[in-house]
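Single-letter residue listing:
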Amino acid sequence: MERRALLLLLLAFLTPGAPIPVPPALKALSNLHLSTRLTSRPAIDIKYSIHYIQQKVDHFGFNTDKTFKQRYLIADKHWKKDGGSILFYTGNEGDITWFCNNTGFMWDMAEELKAMLVFAEHRYYGESLPFGANSFKDSTHLNFLTSEQALADFAKLIKHLKRTVPGAKNQPVIALGGSYGGMLAAWFRMKYPHMLVGALASSAPIWQFEDLVPCGVFMEIVTADFRKSGPNCSESIRRSWDAIRRLTSTGPGLHWLSEALRLCSPLTNSQDVEHLKDWITETWVNLAMVDYPYESNFLQPLPAWPIKVVCQYLKNPNVSDPQLLENIFQALNVYYNYSGQVKCLNMSETATRSLGSLGWSYQACTEMVMPFCTNGIDDMFEPHSWNLKEFSDDCFKQWGVRPRPSWITTMYGGKNISSHTNIIFSNGDLDPWSGGGVTENVTDTLVAITIPEGAHHLDLRANNAFDPTSVLLARSLEVRYMKQWIKNFYASLRKKH
């Protein structure tokens, strides 16, 4: 469990089989889910040009000149050379076009900030592969997949844009990102303050390392989301683990559960059962991350407030084991079969294939070592302690590398960040990653914005008629800070001249 708890977004393809019925509560809604743009008003006009820059594979060594093509996208419809700005999305663990399509906030405010939008793809993801098809071959090829190398790519790209795009040279740059991309936006401002006037780090768990926050806080927030979304919901999930154990203790029980959960691959042994429990756990985690107030298609096509819909099936924990697992199936089906197109549930698949699981697995085994644990009392999961040795051994088995759990705090300062300026840390209270985020102001320029009804980087998504007031306020505050940074930049530029 420890190994997989880190890799929250694993991907695979759906496998065909017999159709699964759409959950009855969703039949009336099943044809209404929206496209990736997720706006209830006319869709944002997402038009961009695609570009490539030659980047060094290793920015910090001198024994190789090997380069690779990094992809980046530019949208300059609203950009003004006079008094404009550059909004720079620090790409994270996936295809940059997917992040571009899911970051409507940047498109919504481009006109107001007279901004050129730049979306930079993270090395080793999407098309930006340093060694092409061999990029994930072994730890030698993966050696250059680090946050430091990625930030250096971003810095080189900004220098390149300022040198080659007429009118960009004397314009302020603001970094924006969500999740790991939000961490990168904050770290970019910390490490390259001369390149940026500020950063918006949305849902960025920069303190989810070592013992900066308790290892159980993440799963406690997941549990709180389910507890608040329906009576007995979290208790039903808590009781399901023992029910699974009891039901799968015999061969006929394994067969029955495989059929009851409509699994594409039947359960055959205890290892499969552990995999099943990990997969169900990951599903509840993903639902907490994307508990948005409107229909969405971020990790999977989902209804509005999906946890409330899930909890409709989990109202009674005091039922027989088979009935409880039938209810769990109905709940899982909300996440995996809202569209009604899925023929069986695939335990290899939990999220969109636009995210890069291989690269993130390696990063989690090297720098991005985030301790997670559960105790089964303050959360709805089976007890699992954080075991660094076991985790390290798993990583060595998979990649031939050992994690360095204290490197990120050494590199980026842990909680000692008060010497930095102009970073907004935004977090939604529904988002489990907020437990490792900055949720209180550190200084008057390192500011925290909390969104009570917000899930994972809701503020970066496009404006929507169903947005809660708290996210509208958060976005307007973020824009106000950015305008001030831009104003200050031009004021100091005038003084120099």
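About the cut-offs
- Residues numbered from 1 in each chain as written.
- Predicted model: local features only at pLDDT ≥ 70, side-chain atom pairs only at ≥ 80, totals over all residues.
- Heavy atoms only, no water.
- Salt bridge = Lys/Arg side-chain N within 4 Å of Asp/Glu carboxyl O.
- Helix = DSSP H or I, 4+ residues; strand = E, 2+ residues; numbered from the N terminus.
- Buried < 20%, exposed > 50% of the residue type's maximum accessible area, 1.4 Å probe, protein only.
- Axes fitted to C-alpha atoms, helices over the stretch in contact; angles between N-to-C directions.
- Contact = heavy atoms within 4.5 Å.
- Nonpolar A, V, L, I, M, F, W, Y, C, P; charged D, E, K, R; others polar.
- Pairing = 2+ DSSP bridges.

- Per an unreviewed UniProt entry, the protein carries the name Lysosomal Pro-X carboxypeptidase isoform X1 and comes from Equus przewalskii.

## A look at the pattern of salt bridges
(1) Moving on: Across all of its chains, the model carries 15 salt bridges by this definition.
(2) Moving on: For Arg238, the salt bridge goes to Glu235, with nearest N and O atoms at 2.7 Å. Taken together, the positions of Arg238 and Glu235, both in helix 8 (residues 233-247) and 3 residues apart, correspond to about one turn of that helix.
(3) Moving on: With relative accessibility at 22%, the residue Arg238 sits in the partly exposed group.
(4) Moving on: Note that Arg239 is salt-bridged to Glu235, the shortest N-O span being 3.0 Å.

## Some remarks on the packing of helix 9 (residues 251-260) against helix 12 (residues 321-336)
(1) Moving on: In contact at an axis separation of 10 Å, helix 9 and helix 12 are set at 35° when each is read in the N-to-C sense. Seen from helix 9, the contacting residues are Trp256, Leu257 and Ala260; seen from helix 12, they are Pro322, Leu325, Glu326 and Phe329.
(2) Moving on: Of the residues contributing to the contact of helix 9 with helix 12, the split by class is 6 nonpolar, no polar and 1 charged.

## Topic: the sheet that holds strand 10 (residues 446-451)
(1) Moving on: The 8 strands are arranged 1-2-4-3-5-6-9-10 in an open sheet whose pairing can be described as mixed. Looking at strand neighbours, the two that pair on one side only are strand 1 (49-56) and strand 10, the edges of this open sheet. Direction aside, the axes of adjacent strands within the sheet are offset by 20° on average.
(2) Moving on: Pairing of strand 1 with strand 2 (residues 67-75) involves 8 bridges; the strand directions are antiparallel. Within strand 2, the position partnered with Ile50 by the bridge is Leu73.
(3) Moving on: Here helix 6 (residues 180-191) sits on the sheet and contacts strand 3 (85-90), strand 5 (173-178), strand 6 (198-202) and strand 9 (423-428); the angle it forms with strand 5, its principal contact strand, is near 150°.

## Quick look at unusual backbone geometry
(1) Moving on: At Ser203, a position not held by glycine, the phi torsion is positive, near 50°.
(2) Moving on: With respect to the helices and strands, the residue Ser203 is situated in the loop between strand 6 and helix 7 (217-229).
(3) Moving on: Here Glu210, not a glycine, exhibits a phi torsion of approximately 45°, which is positive.
(4) Moving on: The residue Glu210 is located in the loop between strand 6 and helix 7 in this model.
(5) Moving on: Relative accessible area serves as the criterion here: at 34%, Glu210 is assigned to the partly exposed category.

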